[in-house]
Amino acid sequence: MQPIVIIGSGLAGFNTVKEFRKLDKETPIVVITSDDGRNYSKPMLSAGFTKEKTADDLCMATPEKVAEQFNVEVRTDVHVAEIDPSGKRVLLPDDHLDYSKLVLALGADTWTPPLEGDAVGDVFSVNDLMDYGKFRTALKGAKKVTILGGGLIGCEFANDLSNGGYEVTLVEPQGRCLPLLLPEPASAAVGRGLADLGVTFQFGPLAQAVNHGDNNQLVTELSDGTRIESDVVLSAIGLRPRIALAKEAGLAINRGIITDKTLQTSAEDIYALGDCAEVQGHVLPYVLPLMASARALAKTLAGETTAVSYGVMPVTIKTPACPVVVCPPADADNGEWEIQEDGNNVQALFRGKDGSLQGYALTGDAVKEKMKLNKELPPLMP
Ligand SMILES: Cc1cc2nc3c(=O)[nH]c(=O)nc-3n(C[C@H](O)[C@H](O)[C@H](O)COP(=O)(O)OP(=O)(O)OC[C@H]3O[C@@H](n4cnc5c(N)ncnc54)[C@H](O)[C@@H]3O)c2cc1C
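Quick caveat: nothing in here was measured; it's all calculated off a predicted structure.

## Things to note about helix α2 (residues 63–70)
Two residues of an α-helix separated by three or four positions point the same way, owing to the 3.6 residues in each turn.
Here is step 1 of the chain: Residues of α2 that are buried: P63, V66 and F70. Burial along α2 is one-sided: seen end-on, the buried residues are contained in an arc of 55 degrees. With respect to the buried face of α2, the exposed residues turned more than 90 degrees away are E64 and E68.
Here is step 2 of the chain: Residues of α2 that are buried sit in contact with α1 (11–23) and β3 (73–75).

What follows is the structure, given as structure tokens:
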């Protein structure tokens, strides 16, 4: 029997293995990954200083340990360059592997800004444990860090690096923290929380260039002429689902790899989940949807075709300086925010035109309302 092949050893790939092994102990599974295959929880990468954990501390299991624990083969440092859906095989650098079923758990690429300058190659992005190891090494002896991007990852790192004693400057062209996730008063609360920790904001201008300056410093130049000197620059301006492999194999893609509710792609016996997938129009680069997907997919792979349902999927943002939890409304054009503020405690409720609760953003003490509001919200994808 050909194995089930899973490409990707992130939370999506390894959780699929874990859930499948609860149902089927024997069917051979091969996990292929272009990274080092260590099992870790990616969300912890932006809490390393707060939790006092280095890159190595964050490794929960070596690939050998995962292989033993779940009776799987894990092939590390192997980049899959091509899949052949009609031949049901994965082409490896100097070999190929036949599959009975293929799971694409490819994740997302960091989007790199179109920067100029002679130090662009020194700009970090942290999208896996290996990146984090290199980033932590670069931070040794550093004092100042510039972060490009004020979204979830940028704000979490701003908080964590401040907790680690670094002086942080955060550049966000959209003029406020978490602009895509929060209404303005909630953004302002997060901004005040981070500012109290010592974060400096450069809201408005775009980063245009990073050059080497004096004394081993890097100089980030903004579109309004501002120059920010720092020891390390971290780019966190966005992620793009990894769709190239699927696209070249002729699978249907849009923003992500298109799947139906059973996580099947347009090709028979090929499934996708996690950050690379677009499940009935939903691209949700977060852990909760990925866990629900892994549970449903495990059943399908074990022979009982199962649709995934997404309930209420709140995202907790790890900015302890101003706690945030958000359930973005599915249709942000069809309703209005209703906002109550008390200092950094903001309760923002998104109500549809019929008055029903469709989403929320809570900061500070208002995060305590989360459970109550979750009960009122409609499921994201029943
Ligand atoms: C700093 C940070 C903080 C976060 N915090 C939170 C949080 O608090 N809450 C939350 O819900 N979400 C958070 N997220 C998002 C969450 O971590 C991701 O949604 C999740 O980890 C994605 O898992 P994945 O398995 O889909 O992708 P990945 O973890 O990116 O795994 C993709 C895998 O595919 C492999 N791969 C890709 N292409 C190939 C190829 N061609 N050949 C072989 N292997 C390949 C890669 O090597 C990797 O093993 C955070 C993300 C970051 C970066």
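## Notes on the packing of aromatic side chains
Here is step 1 of the chain: The final tally for this structure, using the stated rule, is five aromatic pairs.
Here is step 2 of the chain: The interplanar angle of 65 degrees and the centroid separation of 5.5 Å between the aromatic rings of F49 and Y166 together place this pair among those described as edge-to-face. With F49 in the loop between β2 (29–32) and α2 and Y166 in the loop between α4 (152–163) and β10 (167–172), this residue pair connects regions lying 117 residues apart in the sequence.
Here is step 3 of the chain: On the basis of relative accessibility, which here comes to 17%, the residue F49 falls in the buried class.
Here is step 4 of the chain: Of the residues examined, Y166 reaches a relative accessible area of 13% and is grouped as buried.

## Remarks on the pairing of β10
Here is step 1 of the chain: Most of β10 is tucked away: five of the six residues are buried.
Here is step 2 of the chain: With α4 bridging strand β9 (residues 144–148) and the parallel β10, this β-α-β connection has right-handed handedness.
Here is step 3 of the chain: Judged from the four bridges that link them, β10 and strand β11 (residues 200–203) form a sheet pairing that is parallel. Bridging from a neighbouring strand, E172 pairs with F203 of β11.
Here is step 4 of the chain: With respect to chirality, the unit in which β10 leads through helix α5 (residues 184–197) into the neighbouring parallel β11 is right-handed.

## A word on the sheet that holds β10
Here is step 1 of the chain: Taken in spatial order, the four strands of this open sheet run β11-β10-β9-β15, and their pairing is parallel. Every interior strand has two partners, whereas the edge strands, β11 and β15 (232–235), have only one. Each neighbouring strand pair of the sheet contributes to a mean axis angle of 20 degrees, computed without reference to strand direction.
Here is step 2 of the chain: Alignment of β9 against β15, held across four bridges, turns out to be parallel. The residue of β15 that forms the bridge with V145 is V232.
Here is step 3 of the chain: Against the sheet, α4 makes contact with β9, β10 and β15, and its axis sits at roughly 170 degrees relative to β10, the strand it touches most.

## Things to note about the side chain of T33
Here is step 1 of the chain: As for its placement among the helices and strands, T33 is situated in the loop between β2 and α2.
Here is step 2 of the chain: With relative accessibility at 4%, the residue T33 sits in the buried group.
Here is step 3 of the chain: If we skip the residues at most four places from it in the chain, T33 touches S9, R75, T76, D77 and V78.

How each quantity is defined
Residues numbered from 1 in each chain as written. Predicted model: local features only at pLDDT ≥ 70, side-chain atom pairs only at ≥ 80, totals over all residues. Heavy atoms only, no water. Buried < 20%, exposed > 50% of the residue type's maximum accessible area, 1.4 Å probe, protein only. Helix = DSSP H or I, 4+ residues; strand = E, 2+ residues; numbered from the N terminus. Arc of directions from axis to C-beta. Contact = heavy atoms within 4.5 Å. Phe/Tyr/Trp six-rings, centres within 6.5 Å; stacked < 30°, edge-to-face > 60°. Right-handed = clockwise from strand over helix to strand, strands pointing away. Pairing = 2+ DSSP bridges. Axes fitted to C-alpha atoms, helices over the stretch in contact; angles between N-to-C directions.

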